[in-house]
Amino acid sequence: MSSLNKVQLIGHLGHDPEVRYTADGNAVANLQVATTRVWKDKDGDRQEDTEWTRVVFYDRRAEIASDFLKKGSQCYVEGYLRTRKWADKDSVDRYTTEVVGTDLILLSSKPGSEKQGQATADQTARSSAAITAAVPAQEPQNGDPVDPFGQHA
């Protein structure tokens, strides 16, 4: 039987995207996406729990995230889970689980617009078209995997 590794999130960014470039000039963007689950407990009181998820985008989608998203922006992210191993500055092995984004849909307007957070249908269509036109997201394939946090995997 085959398996499935797919993640879908709709949430808000906790900070502006952090964009770095590899030695080959490929963009790598790191995001922290907050998703909140809301429910009522047995007493009928509203409860909520916020989960923060690391997301990394590569190449054109990384540039789109940098250009169109900022802290508080709402977006839809689709991708897959990846756990990677890296060594910290003291050479201690660390592990990080993150979502490698393959699709991005902007649900907020472009930063700096007058109606931040309330994208018009035209803005959303233009943003979606830009994402659709972007090259498929994939990890760099020449050499070692890139650690989006500045370390090497």
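Keep in mind it's a predicted model, so treat the numbers as computed, not measured.

Any details on the pairing of strand β6 (residues 93–106)? Residues and values, ideally.
Judged from the two bridges that link them, strand β4 (residues 46–58) and β6 form a sheet pairing that is parallel. Paired with Val56 across the bridge in β6 is Val100. Summarising the sheet, strand β5 (residues 74–87) and β6 pair through 13 bridges and their orientation is antiparallel. Following the sheet pairing, Tyr80 is matched in β6 by Val100. In this antiparallel pair of consecutive strands, β5 and β6, the connection spans five residues, and Ser91 shows a positive phi of 65°.

Provide a residue-level description of the nonpolar core, including the pertinent values.
With 18 residues, the main nonpolar core has Leu31, Val55, Phe57, Leu69, Val77 and Leu104 as its most contacted residues. Within the residue set of this core, elements represented by two or more residues are β1 (7–13), β3 (27–40), β4, α1 (59–68), β5 and β6. Ranked by residues supplied to this core, first place goes to β3 with four residues.

Summarise α1; cite the residues concerned and give the values.
Note that an α-helix has 3.6 residues per turn; residues three or four places apart therefore point the same way. Every buried residue belonging to α1 is among Arg61, Ala62, Ile64 and Ala65, and all of these are buried. Angularly, the buried residues of α1 cover 160° about the axis, an arc narrow enough to put them on a single face.

So, the pattern of salt bridges: which residues are in play, and what are the values?
Enumeration according to the criterion identifies eight salt bridges in this entry. Arg60 is the partner of Glu63 in a salt bridge, and the nearest nitrogen-oxygen pair spans 3.4 Å. Of this pair, Glu63 and Arg60 both sit in helix α1, separated by three residues, roughly a single helical turn. One network of salt bridges, with partners in common, ties together Arg82, Arg84 and Glu98.

About the criteria used
Residues numbered from 1 in each chain as written. Predicted model: local features only at pLDDT ≥ 70, side-chain atom pairs only at ≥ 80, totals over all residues. Heavy atoms only, no water. Pairing = 2+ DSSP bridges. Helix = DSSP H or I, 4+ residues; strand = E, 2+ residues; numbered from the N terminus. Core = buried A, V, L, I, M, F, W, Y, C linked by side-chain atoms within 4.5 Å. Buried < 20%, exposed > 50% of the residue type's maximum accessible area, 1.4 Å probe, protein only. Arc of directions from axis to C-beta. Salt bridge = Lys/Arg side-chain N within 4 Å of Asp/Glu carboxyl O.

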